[in-house]
Amino acid sequence: MKNTKIQFDLISQIQNVLHPAGIPFWLRGGWAVDFLLSRITREHSDIDLVVWKRHAVQLCGFFGQADFTFMRDTGVQYDFTKYGQEISVVFISQNGDELFVEGIPEWVWLSGALSLPPQELDGLFCHVLSPEQLLEEKAGYQRGTERPPRTKDLQSIKTLNQIIMS
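Notes on the structure follow. (Residues numbered from 1 in each chain as written. Predicted model: local features only at pLDDT ≥ 70, side-chain atom pairs only at ≥ 80, totals over all residues. Heavy atoms only, no water.)

With respect to the packing of aromatic side chains
Now for step 1: All chains considered together, the criterion is met by 10 aromatic pairs.
Now for step 2: Centroid distance tyrosine 78 to phenylalanine 91: 4.8 Å. Interplanar angle 75°. Geometry classified as edge-to-face. Highlighted residues: tyrosine 78 in strand β4 (residues 77–82) and phenylalanine 91 in strand β5 (residues 85–95), separated in sequence by 13 residues. Taken individually, tyrosine 78 and phenylalanine 91 each receive the classification buried, so the pair is uniform in this respect.
Now for step 3: Taken together, a centroid distance of 5.1 Å and an interplanar angle of 35° make the contact between tryptophan 107 and tryptophan 109 tilted. Pair check on accessibility: tryptophan 107 and tryptophan 109 agree, each one buried.
Now for step 4: Three or more aromatic residues joined by ring pairs form one cluster here, namely Phe63, Phe68, Phe70, Tyr78, Phe80 and Phe91.
Now for step 5: Over the face of the ring belonging to phenylalanine 68 we find lysine 82, whose NZ or CZ atom lies 4.7 Å from the ring centre. (Phe/Tyr/Trp six-rings, centres within 6.5 Å; stacked < 30°, edge-to-face > 60°. Helix = DSSP H or I, 4+ residues; strand = E, 2+ residues; numbered from the N terminus. Buried < 20%, exposed > 50% of the residue type's maximum accessible area, 1.4 Å probe, protein only. Lys NZ or Arg CZ within 6 Å of the ring centre and 35° of its normal.)

By themselves, these are just geometric observations and shouldn't be taken as functional.
Okay, here's the thing in structure tokens:
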């Protein structure tokens, strides 16, 4: 699980870069599930983050100073790499109480999506999306892509339902 150690260290670096700059971020995807459980459940292919759109330019500057390499702008997210690992940053906006990602109107954001206190994993504390939001994201991915869920998605759905029910 060599990539796991590298990715965990990158999450710590991201925290050390963005927190002092006043740029909040939330983990999503598999790492968010791991932080919710306070344990690493599997190897991850990347690190998924959510950041306010108003911080996009600042984030790029701070990431550049910390040797993260900008890879691409997909229109809804920026992708970076460091140490051979991909970091995807989705940018959210807010209109009143409504959260949204410009360009993906079908992506539903629940009112409590960003409401959890920081979660701890091996001494590192990070904000994560709520389990309900992570579950909605899995459902939205299936609706949006019309692809059947992958094995890792099925496991995440099961785990998120268990977290919600506990």
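Still to come is the rest of the account.
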